[in-house]
Amino acid sequence: MTEFPGIIPGGGDLAAFLSANKGAVDAALSDAGALLFRGFDLPDPWAFDAAIEGYGEAGFTYEDSLSNAVRTNVTSRVFTANEAPPTTEIFLHHEMAQTPLYPAKLFFYCEIAPGSGGATPLCRSDWVLEKLTEQSPTFVARLEAEGVRYTNVMPGSDDAGSGQGRSWCSTLSVGDEAAAEARLKELGYSWEWLDDGALRVTTAALPAVRTLADGRKTFFNQLIAAFRGWADSRNDPNKAITFGGGEPITSEDMAPAIAFADEFTHDLAWQAGDVALIDNFAVMHGRRPFEGKRRVLASLIA
């Protein structure tokens, strides 16, 4: 197995380095799935923004996404990572794979390293799928044939205390219920309005296995995060995921996938100034609980 994640030590201006070495960086990313740039001069979010500019690819704006996490923009293309409480673990997932709109790559920047904990777990989902296909071929075959549906409840206003707390207005980029229903119909979702103004939605069947350009297949979905972590006052993880045909995905189905993902996970322990570049189609990520102040910012690449 290749080194994971790939480490690129350096110094000086990361924006200039990425601009001058983009071909080599992309080749290394294709090989490793995730790269850590350590030792470069990135004192603040604006230096991180400049590095993304230096990388030279189109951005994927958070405002236009269907993500459920509450986040705040720092610059037009840099925003806070999930603002759920420090005690909340965010389990492994591919960014926005529970929606039909997702980025191809992710940049993360550590502005303030946590006092303790707060690592970003990273996991190669092609490795997970390879082992899962050997142990649970029927499960994998169903995922490939049917896809998966996700159900979650969005509040009427942002709830920063939950990893699933983005309001339906913000998530759908609408101002009223009629516009929300029009957007959901366009997406092929089903929905139900709840008495407290919240909105329960179920996606259309979405792919759960992805074939990459080089022919590798990955466990590209949100199943682990939804099954292990979609819990708050509105959401029940046991009701969050089904096969595309509507049959529940059980704990017995998920146990091998979770075990293999845990086996292959590498915890990225942040140092201030670190930047990570992640292939969203090949690598899952999450967030460990932490103590003290931690500020990790993100930017998405279309």
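Residues numbered from 1 in each chain as written. Predicted model: local features only at pLDDT ≥ 70, side-chain atom pairs only at ≥ 80, totals over all residues. Heavy atoms only, no water.

Undergrad: Before we go on, may I ask you to explain the nonpolar core in this structure?
TA: The nonpolar side chains of a soluble globular protein tend to be buried, and buried together. The biggest cluster of nonpolar side chains holds 57 residues, and the ones touching the most others in it are Leu143, Phe219, Leu223, Ile241, Ile249 and Met254. Among the elements that take part in this core, helix H9 (residues 251-264) stands out by supplying six residues, more than any other. Counting 21 residues, the second largest nonpolar core, distinct from the first, contains Leu14, Phe48, Phe107 and Leu277. (Core = buried A, V, L, I, M, F, W, Y, C linked by side-chain atoms within 4.5 Å. Buried < 20%, exposed > 50% of the residue type's maximum accessible area, 1.4 Å probe, protein only. Helix = DSSP H or I, 4+ residues; strand = E, 2+ residues; numbered from the N terminus.)

Undergrad: Looking at this structure, how should I read the sheet that holds strand S13 (residues 241-243)?
TA: What links the strands of a sheet is backbone hydrogen bonding, and the strands pair in either a parallel or an antiparallel sense. Read from one edge to the other, the open sheet built from four strands follows the order S9-S10-S8-S13, with strand pairing classed as antiparallel. Unpaired on one side and paired on the other, strand S9 (190-193) and S13 mark the two borders of the sheet. Recorded for the sheet is a direction-independent mean angle of 15 degrees between the axes of neighbouring strands. Bridge analysis of strand S8 (residues 148-154) against strand S10 (residues 199-202) gives four bridges, and the strand direction is antiparallel. Within S10, the position partnered with asparagine 152 by the bridge is valine 201. (Pairing = 2+ DSSP bridges. Axes fitted to C-alpha atoms, helices over the stretch in contact; angles between N-to-C directions.)

Undergrad: Would you take a moment to explain the side chain of histidine 93 for this structure?
TA: Relative to the elements of secondary structure, histidine 93 occurs in strand S4 (residues 90-93). Among the polar contacts listed, one links the side chain of histidine 93 to the backbone oxygen of phenylalanine 91, at a separation of 2.8 Å. Those residues in contact with histidine 93 that lie beyond four places of it in its chain are Asn221, Gln222, Ala225, Met284, His285 and Gly286. (Polar contact = N/O pair within 3.5 Å; in protein donor to acceptor, adjacent residues only side chain to side chain. Contact = heavy atoms within 4.5 Å.)

Undergrad: Can you walk me through the pattern of salt bridges in this structure?
TA: Opposite charge on two side chains allows them to pair when their charged atoms are near. One pass over the full model with this rule turns up 23 salt bridges. For lysine 22, the salt bridge is made with aspartate 26, and the minimal N-O distance between the two is 2.5 Å. Separated by four residues within a single helix, lysine 22 and aspartate 26 lie in helix H2 (residues 22-32), roughly one turn from each other. Residue classification places lysine 22 among the partly exposed positions, given a relative accessible area of 21%. On the basis of relative accessibility, which here comes to 23%, the residue aspartate 26 falls in the partly exposed class. Of the charged contacts in the structure, one is a salt bridge between arginine 295 and glutamate 111, with a shortest N-O distance of 2.5 Å. Here the residue arginine 295 occupies a position in strand S18 (residues 295-301), and glutamate 111 occupies one in strand S5 (residues 105-112), the gap between them amounting to 184 residues. By relative accessible area, which is 23% here, glutamate 111 ends up partly exposed. Through salt bridges with shared partners, a single ionic network connects Lys22, Asp26, Glu57 and Lys105. (Salt bridge = Lys/Arg side-chain N within 4 Å of Asp/Glu carboxyl O.)

Undergrad: Could you clarify how one ought to interpret H2 in this entry?
TA: For an α-helix, 3.6 residues make a turn, and residues three or four places apart therefore share a direction. Turning to H2, its buried residues are Val25, Leu29 and Ala32. Each buried residue of H2 sits inside an arc of 80 degrees when the element is viewed along its axis, so together they form one side. Facing away from the buried side of H2 by more than 90 degrees, the exposed set consists of Gly23 and Ala24. Immediately beyond the C-terminal end of H2, within one or two residues, lies glycine 33, with a positive phi of roughly 90 degrees. (Arc of directions from axis to C-beta.)

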